[in-house]
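Examining the three-dimensional arrangement
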Amino acid sequence: METDHVKTPQSLSAKFEGSFAYLTVRDRLPTILTKVIDTIHRNKNNFFEEHGEEGVNAEKRAISFLSKLRNELQTDKPVLPLSDDAEDTVAWNEYMQRQQDMMEDRQPVSWFKSPWLYVECYMYRRIQEAVWLNPPIGDFDVFKEGKTQTFFESQQAIMFLCTHLREVLTSMDNPNEKQLFDHFLKFLQVSLWGNKCDLSISAGQDNSQKISPIESLASLQRFILVDDSDQVWSALMTLQGSRETEKRGARVDLILDNAGFELITDLVLGDFLVSVGLAKEVRFHGKSFPWFVSDVTKKDFDWTIRQTMASNHKQMSACGVQWKRFLKEGVWSYHDHRFWTLPHEFCDMPTDAADLYTDLQGSDLILFKGDLNYRKLTGDRDWEHTVPFARALRGFRPAPLCSLRTLKANVQVGLQPGHGEMLTSQEPDWMTNGKYAVVQFFCPPREQ
Ligand SMILES: O=P(O)(O)OC[C@@]1(O)O[C@H](CO)[C@@H](O)[C@@H]1O
Ligand SMILES: [Mn+2]
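Note that this is a predicted model, so its numbers are computed, not measured.

1. Some thoughts on the site of ligand 1
As a structural note, the neighbourhood of ligand 1 is formed by Thr24, Arg28, Glu120, Asn195, Asp257, Asn258, Phe292, Gly370, Asp371, Leu372, Arg375 and Lys408. A distance of 3.0 Å separates an oxygen atom of ligand 1 from a polar atom in the side chain of Asn258. Here an oxygen atom of ligand 1 sits 2.8 Å away from a polar atom, N or O, in the side chain of Arg375. Relative to its free-state accessible area of 390 Å², ligand 1 is covered by the protein chains to the extent of 90%.

2. Observations concerning the sheet that holds strand E3 (residues 279-286)
The seven strands are arranged E1-E7-E6-E5-E2-E3-E4 in an open sheet whose pairing can be described as mixed. The open sheet has two edge strands with one neighbour each: strand E1 (224-227) and strand E4 (332-336). Neighbour-to-neighbour, the strand axes of this sheet turn through a mean angle of 20 degrees, independent of strand direction. Bridge count between strand E2 (residues 250-255) and E3: six bridges; the pairing is parallel. Within E3, the position partnered with Arg251 by the bridge is Glu281. Sheet strands in contact with helix H11 (residues 261-275) are E2, E3, E4 and strand E5 (365-369), and its direction is about 160 degrees off that of E3.

3. Some remarks on the pattern of salt bridges
For the structure shown, the criterion picks out 31 salt bridges. Between Arg375 and Asp380 there is a salt bridge, with the nearest N and O atoms lying 2.9 Å from each other. Comparing Arg375 with Asp380, the two get one shared label, buried. One network of salt bridges, in which partners are shared, links Arg251, Asp253, Glu281, Arg283 and Asp359.

4. Concerning the coordination of the manganese ion (ligand 2)
Ideal geometry at a metal gives 109.5 degrees between four tetrahedral donors and either 90 or 180 degrees between six octahedral ones. The protein atoms that coordinate the manganese ion (ligand 2) are Asp257 (OD), Asn258 (OD1) and Asp295 (OD), at distances spanning 2.1 to 2.3 Å. Donor residues for the manganese ion (ligand 2), ordered by position in the chain, follow D-N-x36-D.

5. As for the environment of Asn57
Mapping Asn57 onto the fold places it in helix H3 (residues 53-74). Given the relative accessible area of 27%, Asn57 is considered partly exposed. Distance from Asn57 to Pro136, taken between C-alpha atoms, is 9.2 Å for residues 79 residues apart in sequence.

6. Structural notes on the packing of aromatic side chains
This structure, assessed with the given rule, holds 34 aromatic pairs. Clustering of aromatic rings is evident, with ring pairs tying together Tyr124, Trp132, Phe143, Phe289, Trp291 and Phe292. One cation-aromatic arrangement involves Arg125 over Phe289; the distance from NZ or CZ to the ring centre is 5.9 Å.

7. Regarding helix H8 (residues 177-194)
Here H8 spans 25 Å end to end across 18 residues, near enough to the 26 Å set by a 1.5 Å rise per residue. For H8, the complete set of buried residues consists of Leu180, His183, Phe184, Phe187, Leu188, Gln189, Val190, Ser191, Leu192, Trp193 and Gly194.

Conventions we followed
- Residues numbered from 1 in each chain as written.
- Chains lettered and ligands numbered in written order.
- Predicted model: local features only at pLDDT ≥ 70, side-chain atom pairs only at ≥ 80, totals over all residues.
- Heavy atoms only, no water.
- Near = heavy atom within 4 Å.
- Polar contact = N/O pair within 3.5 Å; in protein donor to acceptor, adjacent residues only side chain to side chain.
- Areas by Shrake-Rupley, 256 points an atom, 1.4 Å probe, with all protein chains shown as cover.
- Pairing = 2+ DSSP bridges.
- Helix = DSSP H or I, 4+ residues; strand = E, 2+ residues; numbered from the N terminus.
- Axes fitted to C-alpha atoms, helices over the stretch in contact; angles between N-to-C directions.
- Contact = heavy atoms within 4.5 Å.
- Salt bridge = Lys/Arg side-chain N within 4 Å of Asp/Glu carboxyl O.
- Buried < 20%, exposed > 50% of the residue type's maximum accessible area, 1.4 Å probe, protein only.
- Donors = N, O, S within 2.8 Å, 3.2 Å for Na, K, Ca; no water.
- Phe/Tyr/Trp six-rings, centres within 6.5 Å; stacked < 30°, edge-to-face > 60°.
- Lys NZ or Arg CZ within 6 Å of the ring centre and 35° of its normal.
- Expected span 1.5 Å × (residues − 1).

In structure tokens:
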């Protein structure tokens with residue numbers, strides 16, 4: 001639904017030589033494929049132990065499939081239809097046709113000529129195809145090792161955060177609105193910066209782990225380019241006391257991004273919201289297969305809660321126990337939908353995943369974590385920086401929503417005139433260096 005006078009710009013693409021999209025497709029994606037191949041190879045003995053010769057054959061076939069894929073990418077071959085028969089195969093192949101229909105001069109859809117968002121998502125789906133086509137290793141998560149490692153590397157920061165949360169919750173006896181808001185802001189910002197990288201915010205660079213993630217927030221404030229936190233707060237506050245008969249608080253949907261430290265920051269935020277009555281329900285949405293290296297799947301979600309429960313650190317394990325209880329009581333729930341691992345822009349959701357859109361319409365606040373979700377919200381297009389966020393959403397308006405995102409791709413809307421230009425002149429890579437962030441909110445207008 002195009003309601004505004006601003007024309008929808010073209011998609012970012014590797015066809016623009018030298019662009020961030022181009023460099024990603026040329027350098028980053030083949031490197032990721034090489035690492036995946038290496039991971040599968042290193043697990044050869046495990047596959048043999050579990051499945052005998054069949055496991056080794058599966059390993060060989062998957063590696064040969066992925067090497068071929070890497071070659072197709074590097075030589076800009078036409079993108080191929082998927083050949084497995086998963087739940088989403090038809091949707092992917094239809095989308096490829098849609099891309100084909102948009103190509104100029106009937107050129108084939110290919111890695112360096114088609115939209116970056118599409119080809120990058122497609123690569124992760126092809127990696128999964130390699131696994132699914134080889135049933136003995138069909139359950140293998142090629143990114144699991146990395147996700148586990150980042151979780152263990154950020155133990156110190158996780159302990160700080162869990163301790164802080166438990167202290168806040170036990171010390172808050174009848175807090176006033178101002179106190180509640182201050183704490184809310186902190187947990188929201190920790191979740192925001194959790195997206196910066198998978199290591200801890202406080203001590204990612206060295207290993208000293210002296211500063212708590214909470215203490216670093218003040219110094220990071222100036223890097224938040226758009227901060228609509230007060231509107232997020234208002235969205236939550238309108239639900240306070242407005243439903244006398246129901247339990248107080250909002251239904252919050254948290255569209256997760258990465259596992260490791262970021263997931264912990266999201267769980268801590270979800271815990272805070274529910275524990276202080278700002279939310280009556282938190283629904284976490286993850287991916288249904290391994291995606292973009294570090295994204296959360298159901299297995300990662302469950303594993304993280306189990307690990308947290310099993311910690312020797314008292315406050316950390318107390319958090320894990322509480323989280324398990326929230327899930328058991330249904331106050332928290334985990335959901336996945338195949339749409340989150342399709343290449344579509346979110347404005348396609350009403351037509352291409354109507355059930356998910358209807359589901360999200362029941363939310364009081366949707367929090368979208370991370371860079372890829374921002375790219376999908378805005379269609380990964382070459383927008384002017386001053387275009388309003390509402391315009392870039394192009395009719396995607398299921399409920400009040402907010403993007404919590406550190407900038408790692410060159411799309412940014414909703415800035416004040418001149419702001420983007422100033423940043424470009426001072427720091428040409430401000431959109432991709434992960435230093436900056438946005439808390440960008442949109443509320444659909446009320447029905448007449
Ligand atoms: O969504 P996330 O985890 O914040 O970031 C995903 C990401 O690392 O992958 C893409 C680059 O290949 C970019 O969208 C972004 O930099
Ligand atoms: Mn991610």
